[in-house]
Amino acid sequence: MSKSPNIMLPALGVTGIVLGLAYGLSTRTYKAQEAEVAEVTAQAALIRAEASETKVSMLEARLVEVQAEAEEAIAVAAASVQSLTGPAPVANGALGLGRAALPEEIAAWDVDILPDGRGLPEGRGDVLTGEEVFADYCASCHGDFAEGVDNWPVLAGGFDTLADVDPVKTVGSYWPYLSTVWDYVHRSMPFGGAQTLTDDEVYAIVAYILYSNDLVDEEFELSHENFTEVAMYNTDGFVIDDRAAVEYAAWSAEPCMENCKQAVEITRRASMVNVTPVDEFMHPVMRGEMVHDAAAKAPVEEPEPVAEGGVDPALIAAGEKVFKKCAACHEVGDGAKNKSGPQLNAIMGRAAGTVEKFRYSKAMAGSGLTWDEETMASFLENPKGFLKGTKMSFRGLAKEEDRAAVIAYLKSVSP
Ligand code: HEC
Ligand code: HEC
């Protein structure tokens, strides 16, 4: 920092002189101007030379510094090589590894805050300040009102949902201790910028999260002094884990080892019930295509496919396999129901977007399409490209043979 002005001053000098020259040019005679230009040029050159000289001497000084630093580094390295090969210092304990942590290092790790307030630093912050800090650092993911954006966690609300199948667990509805909020935010948020908040900012944010959960009013200020007075909704919602006493006895009886089944046979796989969407990069086992024993691996005499009504059964079979990619969202066959996509019975030949009770996108409902081989193939190749605005989140079937096969299959379920 201190070095730059030395370089800048001569440079400014040159600029000043050149500006002066421009002014002079407009008023003097040409000869006089020429002489002046020469003089000024010479002056400028001189100044530049001086500047480079300054630079050179600075560089020289830096070189000396760097040399000294290098020597020091070499000495340190030599010492550490020695300590690696030499006997471990006594202080390093039984294993001869590492060293005792410094008090500063322990302090940097020791940031946990306990429910009774132990560990809290002194500080304070109010709801309104918290609202601002939250808008700056947290709202992009957690929403302005801590309601959560997209799939980012919701931090407020969800009261009375804990007994539901799909409870909304938030700081308000679920967390039993305020200390966890302070600790969590201070330790790990904002996501990607952990531990950049000041203690007062954390107090303010926690106050704001309390406010978002209707636990305090707008004027509230949270501090290390009133911290333990805040009551959380779900403080009493947790029970002591008594499984060791209650359940362990039930499970620790002698297991029955009689009348056991002789052989274990795998009858179904997760891939068959479409727990995991099937895709072409998947291992064959996951696609349910694994051949399990040597006998089955032997080439089987495939009967010549018999064309039935012009459709090749092998193609339909292949299509049924491809349909596993669709089955996470679509059902076909008896009693097929709408899932996240509409059921696809008798889809071929039908107007698009007309399955009852299914909520289509506007794009699909208003497409005016009829599903024939051509429209279906184009849609399946690139759903969003073919029908802009469709809500079918599927990247498409890249292979023509897959499209042909699945269309044959859809036809087979379209009587
Ligand atoms: C870039 C997105 C992002 C930002 C910005 C962000 N968070 Fe988070 N936050 C997350 C994610 C992701 C999780 C879940 C982390 C996990 O479960 O491991 C989370 C979890 C939380 C949780 C725990 C929620 C729960 O119920 O488990 C709290 C509290 C929280 N964040 C507060 C904050 C605060 C306060 C800020 C601002 C200082 C902030 N976050 C900024 C993404 C973000
Ligand atoms: C991630 C879920 C998902 C997957 C996977 C998926 N779809 Fe869809 N599909 C949808 C949704 C949602 C719609 C409704 C689209 C709309 O309304 O814009 C839809 C609509 C359709 C339609 C139009 C139905 C009608 O009534 O007009 C057809 C045809 C279709 N999908 C076929 C397929 C096929 C074939 C596959 C597999 C190759 C597949 N989809 C994979 C979700 C999916």
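Parameters and conventions
Residues numbered from 1 in each chain as written. Chains lettered and ligands numbered in written order. Predicted model: local features only at pLDDT ≥ 70, side-chain atom pairs only at ≥ 80, totals over all residues. Helix = DSSP H or I, 4+ residues; strand = E, 2+ residues; numbered from the N terminus. Buried ≥ 20, exposed ≤ 12 C-beta atoms within 10 Å, placed from the backbone. Near = placed C-beta within 6 Å. Nonpolar A, V, L, I, M, F, W, Y, C, P; charged D, E, K, R; others polar. Contact = placed C-beta atoms within 7 Å. Axes fitted to C-alpha atoms, helices over the stretch in contact; angles between N-to-C directions. Parallel < 35°, antiparallel > 145°, perpendicular 65-115°, else oblique. Left-handed = near helix turned anticlockwise from the far one by under 90°. pLDDT = per-residue confidence, 0-100. Core = buried A, V, L, I, M, F, W, Y, C linked by C-beta atoms within 7 Å. Expected span 1.5 Å × (residues − 1). Arc of directions from axis to C-beta.

**Student:** Any chance you could break down the overall build of the protein chain for me, citing the residues and the numbers?
**Tutor:** Per the secondary structure count, the protein chain includes 14 helices and 2 strands. Residues classed as buried in the protein chain amount to 19% of the 415 residues present.

**Student:** Give a detailed account of the site of ligand 2, specifying residues and quantitative values.
**Tutor:** The environment of ligand 2 is made up of 26 residues, and the closest members are Cys-326, Cys-329, Gly-341, Tyr-360 and Met-364. Residues that form the shell around ligand 2 fall into these classes: 17 nonpolar, 7 polar and 2 charged.

**Student:** Report on the environment of Pro-153, specifying residues and quantitative values.
**Tutor:** Summarising the element assignment, Pro-153 is placed in the loop between α5 (139–142) and α6 (178–188). Classification of Pro-153 as partly exposed rests on a count of 14 C-beta atoms within 10 Å. In the structure, Pro-153 is positioned 10 residues away from Gly-143 in sequence and 9.3 Å away in space, judged by C-alpha atoms. What Pro-153 contacts, discounting residues up to four positions off in sequence, is His-142 and Gly-148.

**Student:** Quick one: what's the story with the site of ligand 1, residue by residue and with numbers?
**Tutor:** Taken together, 20 residues surround ligand 1, and among them Cys-138, Cys-141, Met-189, Pro-190 and Phe-191 come closest. When contributions to the shell around ligand 1 are tallied by element, the ones reaching two or more residues are α5 and α6. Tallied by class, the residues present in the shell around ligand 1 amount to 15 nonpolar, 4 polar and 1 charged.

**Student:** So, the packing of helix α12 (residues 373–381) against helix α14 (residues 400–412): which residues are in play, and what are the values?
**Tutor:** The N-to-C vectors of α12 and α14 enclose an angle of 125 degrees; their axes lie 10 Å apart at closest approach. The angle between the axes of α12 and α14 places the two elements in the oblique class. Handedness of the crossing formed by α12 with α14: right-handed. Contacts between α12 and α14 pair Glu-373, Met-376, Ala-377, Leu-380 and Glu-381 from the former with Arg-403, Val-406 and Ile-407 from the latter. Considered class by class, the residues forming the contact of α12 with α14 number 5 nonpolar, no polar and 3 charged.

**Student:** Account for the packing of helix α10 (residues 313–322) against α14, with residues named and values stated.
**Tutor:** One way to put it is that α10 packs onto α14 with a least axis distance of 7 Å and a crossing angle of 100 degrees. With respect to each other, α10 and α14 are oriented roughly perpendicular. Note on element contacts: α14 touches α10 through Asp-402, Ala-404, Ala-405, Val-406, Ala-408, Tyr-409 and Ser-412, opposite Leu-315, Ile-316, Ala-318, Gly-319, Glu-320 and Val-322.

**Student:** Just give me the short version of the confidence of the model for the protein chain, but keep the residues and values in it.
**Tutor:** Of all residues in the protein chain, 78% attain a pLDDT of 70 or more, and the chain-wide mean is 81. Within the protein chain, helix α1 (residues 4–25) has the poorest average pLDDT of any element, 41, and strand β2 (residues 221–223) the best, 98. Low pLDDT, under 50, characterises residues 290–298; the predicted model gives this stretch 4 contacts beyond four residues in sequence or across chains. Contacts from residues 302–308, a stretch scored under 50 in pLDDT, to residues over four places away or in other chains number 6 contacts.

**Student:** Before we move on, can you summarise the nonpolar core with the specific residues and values?
**Tutor:** If you look at the biggest cluster of nonpolar residues, it comprises 28 residues, and the most contacted ones within it are Val-181, Trp-182, Ile-205, Val-206, Ala-207, Tyr-208 and Ile-209. When residues of this core are traced back to their parent elements, those giving at least two are α4 (127–137), α6 and α7 (199–212). Contact partners of Ala-207, with chain neighbours within four places excluded, come to Gly-125, Asp-126, Val-127, Gly-130, Val-216, Phe-220, Glu-221 and Leu-222.

**Student:** Kindly report on α7, identifying the contributing residues and their values.
**Tutor:** Owing to its 3.6 residues per turn, the α-helix brings residues three or four apart onto one side. In this model, α7 (14 residues) spans 20 Å end to end at C-alpha, consistent with the 20 Å of a helix rising 1.5 Å per residue. Inspection of α7 places Glu-201, Val-202, Tyr-203, Ala-204, Ile-205, Val-206, Ala-207, Tyr-208, Ile-209, Leu-210, Tyr-211 and Ser-212 among the buried residues, and these make up the whole buried set. On its buried side, α7 packs onto β1 (124–126), α4, α6 and β2. One or two positions beyond α7, positive phi appears at Asp-214, with a value near 55 degrees.

**Student:** Can you break down α10 residue by residue, with the values?
**Tutor:** Within the span of α10, buried status applies to Leu-315, Ile-316, Gly-319 and Val-322. The arc enclosing the buried residues of α10, seen along the axis, measures out at 110 degrees, which places them on a common side. The inward-facing, buried residues of α10 abut α14.

**Student:** Give me unusual backbone geometry: which residues, what numbers.
**Tutor:** Put simply, Met-189 and Pro-190 share a cis peptide bond, and its omega is -5 degrees. Relative to the elements of secondary structure, Pro-190 occurs in the loop between α6 and α7. Despite not being glycine, Asp-160 shows a phi value in the positive range, around 60 degrees. Position of Asp-160 among the secondary structure elements: in the loop between α5 and α6. Asp-160 sits in the exposed class, given 11 other C-beta atoms within 10 Å. Its identity as a non-glycine residue notwithstanding, Asp-214 has a phi of 55 degrees, on the positive side. Within the secondary structure, Asp-214 sits in the loop between α7 and β2.

**Student:** Run through the environment of Pro-167, naming residues and quoting values.
**Tutor:** With respect to the helices and strands, Pro-167 occurs in the loop between α5 and α6. The class of Pro-167 is partly exposed, set by 13 C-beta atoms lying within 10 Å. If we skip the residues at most four places from it in the chain, Pro-167 touches Thr-161 and Leu-162.

**Student:** Describe the environment of Ser-212, and please don't skip the residues or the numbers.
**Tutor:** Within the fold, Ser-212 resides in helix α7. With 25 C-beta atoms counted inside 10 Å, the residue Ser-212 sits in the buried group. Every residue in contact with Ser-212, bar those within four places of it in the chain, is listed here: Phe-145, Ala-146, Leu-155 and Ala-156.

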